Amino acid sequence: MEFIKVANPRTAVNTLQDRLLRELAAGKKVLWFLSGGSVIRAETAILATLRKSPGAKNLAIMLMDERYGRVGHADSNWAQLGLAGANFAGVAAIPVLMEPPRPLAQTADSYEAKVAAALAAADVSVGLFGLGEDGHTAGILPGSPATHQTDRLVVSYHTPQFDRITLTRTALQQVDAAYAFVFGPTKISALNRLRAGQEPFEQLPASLLATIPEAYIYNDQVGEPT
């Protein structure tokens with residue numbers, strides 16, 4: 001796990017974009033896992049460039065986590081990507097939520113099957129991670145049922161704010177390369193905790209990044225500057 005300090009977030013965006021373009025140019029089937037929240041704008045910009053690549057037909061896109069509800073509901077990560085201008089034409093885009101709506105557990109089961117198939121079909125998988133101020137990543141909140149799930153790729157659970165569907169640690173550890181974009185002064189505590197590496201996964205879910213073969217933490221707070 002490498003912490004890379006950059007003054008401009010655009011450096012991180014360009015680095016991930018170039019990696020994905022190289023993999024596609026090499027003729028590989030690429031699976032790109034997206035996050036919600038603060039990285040949506042970066043994902044939308046990268047996608048616009050990838051769609052122009054001759055290898056775009058080999059790109060599959062899935063979410064790491066989603067807020068459960070009807071397709072297009074206001075808190076949906078997928079819907080927020082659309083509102084930010086994401087255009088999935090020409091790539092294989094696989095949303096979590098289904099129409100007509102299915103119950104929470106059934107939706108998670110269906111998505112798990114899609115994740116398993118996508119991982120099996122991919123030559124390389126890349127994830128764009130976020131890091132919450134509380135140390136969460138994807139939809140895995142500290143102390144949540146998602147931190148205790150070891151035999152599934154996808155889990156669903158209730159929280160006071162959202163019903164969540166998220167990839168588990170078991171699934172995310174199958175990602176070949178992780179890129180985390182963590183910018184702003186509010187993230188310094190979580191960054192320092194992650195860098196210290198002293199807390200268990202249940203308390204600091206983002207610690208799973210240390211178990212991924214390639215993990216790059218781009219930020220403006222800690223690490224060696226580029």
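Residues numbered from 1 in each chain as written. Predicted model: local features only at pLDDT ≥ 70, side-chain atom pairs only at ≥ 80, totals over all residues. Heavy atoms only, no water.

Enquirer: Would you take a moment to explain the pairing of strand β3 (residues 59–63) for this structure?
Expert: If a strand is regular, its side chains alternate between the two faces of the sheet. By the criterion of burial, β3 is predominantly enclosed, with 5 of the 5 residues buried. The side-chain alternation of β3 yields two buried faces, one formed by Leu59, Ile61 and Leu63 and the other by Ala60 and Met62. With 5 bridges joining them, strand β2 (residues 30–34) and β3 adopt parallel strand pairing. Each residue of the ladder has a partner; that of Trp32, found in β3, is Ile61. Crossover β2 to β3 through helix α2 (residues 40–50) is right-handed. When β3 meets strand β5 (residues 92–94), the two strands line up parallel, connected through 3 bridges. Among the inter-strand pairings, Ala60 is bridged to a residue of β5, identified as Ala92. (Buried < 20%, exposed > 50% of the residue type's maximum accessible area, 1.4 Å probe, protein only. Helix = DSSP H or I, 4+ residues; strand = E, 2+ residues; numbered from the N terminus. Pairing = 2+ DSSP bridges. Right-handed = clockwise from strand over helix to strand, strands pointing away.)

Enquirer: How should I be thinking about the packing of aromatic side chains in this particular structure?
Expert: Aromatic ring pairs: the centre-centre distance and the angle between the two ring planes describe each pair. Taken as a whole and judged by the stated rule, the model has 3 aromatic pairs. Note on Phe181 and Tyr218: the rings are 6.4 Å apart at their centroids and 90° apart in plane angle, and the pair reads as edge-to-face. Taken together, the residues span a long stretch of sequence, with Phe181 in strand β9 (residues 177–182) and Tyr218 in strand β10 (residues 214–219) at a distance of 37 residues. Across the pair, Tyr218 and Phe181 agree in class, each one buried. It is Arg169 that lies over the ring of Phe201; its NZ or CZ is 4.0 Å from the centre. Over the ring of Phe3 we find Arg195; its NZ or CZ atom is 5.7 Å from the centre of that ring. (Phe/Tyr/Trp six-rings, centres within 6.5 Å; stacked < 30°, edge-to-face > 60°. Lys NZ or Arg CZ within 6 Å of the ring centre and 35° of its normal.)

Enquirer: What exactly am I supposed to notice about unusual backbone geometry here?
Expert: Leaving glycine aside, a negative phi is the common case for residues, and trans is the common case for peptide bonds. A cis amide bond links Glu99 with the next residue in sequence, Pro100, at an omega value of 0°. Here Pro100 is to be found in the loop between β5 and α4 (104–121). Look at Ala138: it is not a glycine, yet its phi comes out positive at around 50°. Mapped onto the elements of the fold, Ala138 is located in the loop between β6 (124–129) and β7 (154–158).

Enquirer: In this structure, what is going on with the sheet that holds strand β4 (residues 65–67)? I would like to understand it.
Expert: Spatially, 3 strands are ordered β4-β8-β7 in an open sheet, and the strand pairing comes out antiparallel. This sheet does not close on itself; its edge strands, each paired only once, are β4 and β7. Averaged over neighbouring strand pairs, the angle between their axes works out to 15° when direction is ignored. Looking at chain direction, β7 and strand β8 (residues 163–167) are connected through 5 bridges and run antiparallel. Bridge pairing in β8 places Val154 opposite Leu167. Here α4 sits on the sheet in contact with β7 and β8, set at roughly 160° to β7. (Axes fitted to C-alpha atoms, helices over the stretch in contact; angles between N-to-C directions. Contact = heavy atoms within 4.5 Å.)

Enquirer: Would you mind going over helix α1 (residues 9–25) with me for this structure?
Expert: Residues that lie three or four places apart on an α-helix share one face, since the helix turns once every 3.6 residues. Between the first and last C-alpha of α1 there are 24 Å, a value that for 17 residues agrees with the 24 Å anticipated at 1.5 Å per step. Along α1, the residues that are buried comprise Ala12, Val13, Leu16, Gln17, Arg19, Leu20, Glu23 and Leu24. For α1, the arc enclosing every buried residue in end-on projection is 155°, short of the 170-degree limit, so these residues lie on one face. Set apart from the buried face of α1 by more than 90 degrees, the exposed residues are Arg22 and Ala25. Of the surrounding secondary structure, the elements contacted by the buried residues of α1 are β2, α2, β3, β6, β9 and β10. Capping of α1 at its N-terminal end is provided by Asn8; its side-chain oxygen lies 2.9 Å from the backbone amide nitrogen of Arg10. Directly beyond the C-terminal end of α1, a positive phi value near 80° is found at Gly27. (Expected span 1.5 Å × (residues − 1). Arc of directions from axis to C-beta. Polar contact = N/O pair within 3.5 Å; in protein donor to acceptor, adjacent residues only side chain to side chain.)

Enquirer: I would appreciate a short explanation of the environment of Glu214 in the present structure.
Expert: If you trace the backbone, Glu214 turns up in strand β10. In the structure, Glu214 is positioned 35 residues away from Tyr179 in sequence and 8.3 Å away in space, judged by C-alpha atoms. What Glu214 contacts, discounting residues up to four positions off in sequence, is Arg19, Asp176, Ala177 and Ala178. Side-chain polar atoms of Glu214 contact the side chain of Arg19, separated by 3.0 Å.

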